[in-house]
Amino acid sequence: MSAQTERTFIAIKPDGVQRGLVGEIIKRFEMKGFKMVAMKMLCATKEHLEKHYEDLKKKPFFPSLIKYMSSGPVVAMVWEGLGVVKTGRVMLGETNPADSKPGTIRGDFCIDVGRNIVHGSDSVASANKEIALWFKDELVEYNSCASAWLYEAPA
């Protein structure tokens, strides 16, 4: 990974998996030019999800969030690229789909905040923490042949 790039954690939630939106979400990140370096489908345990969402533990919706997230499979991914955390969040749209612009993932595919189909890291620090929680030694290092068409070479 170059000094210019960073990584983010993106998870397609059970409603996104059940609705068959996995390919569409991956497609959007690939078309933007980001590089996937890890992906897996799993049914997350309540304990794992409680650790992931520990910053929301005191919120009244926490129990229903954990129940929902453990209700079916999720697709966990790590994406790499210049500004991928911030740009990824813009691509996802607002947490509340009603506030999301058309063209964003949530703006195009969601109605209810409790079923907003995808999670994305909100900072580089959160991304690093989430990636370490969901992936151990599973990140793939490789050079994308598209890199020269996406990034200007340093002068």
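Because the structure is a prediction, the values reported are computed rather than measured.

*Asks:* It is not clear to me how the pairing of strand E1 (residues 6-12) should be interpreted in this structure. Could you clarify?
*Replies:* Within a regular strand, side chains alternate between the sheet's two faces. Most of E1 sits out of view: seven of its seven residues are buried. Alternating positions in E1 separate into two faces, Glu6, Thr8, Ile10 and Ile12 on one and Arg7, Phe9 and Ala11 on the other, with burial throughout. Bridge count between E1 and strand E3 (residues 74-81): seven bridges; the pairing is antiparallel. Each bridged residue has a counterpart across the sheet, and for isoleucine 10 the counterpart in E3 is methionine 77. Examined bridge by bridge, E1 and strand E4 (residues 118-120) share three bridges and lie antiparallel to one another. Within E4, the residue paired with isoleucine 12 across the bridge is valine 118.

*Asks:* In this structure, what is going on with helix H5 (residues 84-92)? I would like to understand it.
*Replies:* Because the α-helix completes a turn every 3.6 residues, residues three or four places apart line up on one side. Turning to H5, its buried residues are Val84, Val85, Gly88, Met91 and Leu92. All buried residues of H5 project into a common sector of 125° when viewed along the axis, lining one side. H5 presents Lys86 and Val90 as exposed residues on the side facing more than 90 degrees away from its buried surface. The inward-facing, buried residues of H5 contact E1, helix H2 (22-32), E3, helix H6 (105-109), E4 and helix H7 (124-134). Positive phi appears at glycine 93, one or two residues downstream of H5, with a value of about 95°.

*Asks:* Hey, could you run me through the packing of aromatic side chains in this one?
*Replies:* For any pair of aromatic rings, geometry is given as the distance between the ring centres together with the angle between the planes. A full pass over the atoms with the stated rule returns three aromatic pairs. Taken together, the ring pairs in this structure connect Phe29, Phe34 and Trp79 into an aromatic cluster. Its guanidinium or amino end placed over the ring of tyrosine 142, lysine 35 lies 4.6 Å from that ring's centre, counting from NZ or CZ. Above the ring of phenylalanine 135, the side-chain terminus of lysine 40 is found at 4.8 Å from the ring centroid.

*Asks:* Help me understand the side chain of glutamate 6, please; the structure alone is not making it clear to me.
*Replies:* Mapped onto the elements, glutamate 6 comes out in strand E1. The side chain of glutamate 6 sits in the buried core without any salt bridge; lysine 86 is the nearest counter-charge, 9.7 Å away. At 3.3 Å, the side chain of glutamate 6 and the backbone nitrogen of valine 84 are in polar contact. Here valine 85 takes part through its backbone nitrogen, which lies 3.0 Å from a polar atom of the side chain of glutamate 6.

*Asks:* Got a minute to help me understand the nonpolar core in this structure?
*Replies:* Nonpolar side chains in soluble globular proteins tend to be buried together. Core analysis: the largest hydrophobic core is formed by 40 residues, its most contacted members being Ile12, Phe29, Trp79 and Trp134. Within the residue set of this core, elements represented by two or more residues are E1, H2, strand E2 (35-42), helix H4 (62-69), E3, H5 and H7. No other element matches the six residues that E3 contributes to this core. Residues contacting isoleucine 12, with those up to four places away along its chain left out, are Val17, Val22, Ile25, Val74, Val75, Met77, Ile117 and Val118.

Rules of the game
- Residues numbered from 1 in each chain as written.
- Predicted model: local features only at pLDDT ≥ 70, side-chain atom pairs only at ≥ 80, totals over all residues.
- Heavy atoms only, no water.
- Buried < 20%, exposed > 50% of the residue type's maximum accessible area, 1.4 Å probe, protein only.
- Helix = DSSP H or I, 4+ residues; strand = E, 2+ residues; numbered from the N terminus.
- Pairing = 2+ DSSP bridges.
- Arc of directions from axis to C-beta.
- Contact = heavy atoms within 4.5 Å.
- Phe/Tyr/Trp six-rings, centres within 6.5 Å; stacked < 30°, edge-to-face > 60°.
- Lys NZ or Arg CZ within 6 Å of the ring centre and 35° of its normal.
- Lys, Arg positive; Asp, Glu negative; His and termini not counted.
- Salt bridge = Lys/Arg side-chain N within 4 Å of Asp/Glu carboxyl O.
- Polar contact = N/O pair within 3.5 Å; in protein donor to acceptor, adjacent residues only side chain to side chain.
- Core = buried A, V, L, I, M, F, W, Y, C linked by side-chain atoms within 4.5 Å.

Treat this as a map of the structure, not an account of what it does.
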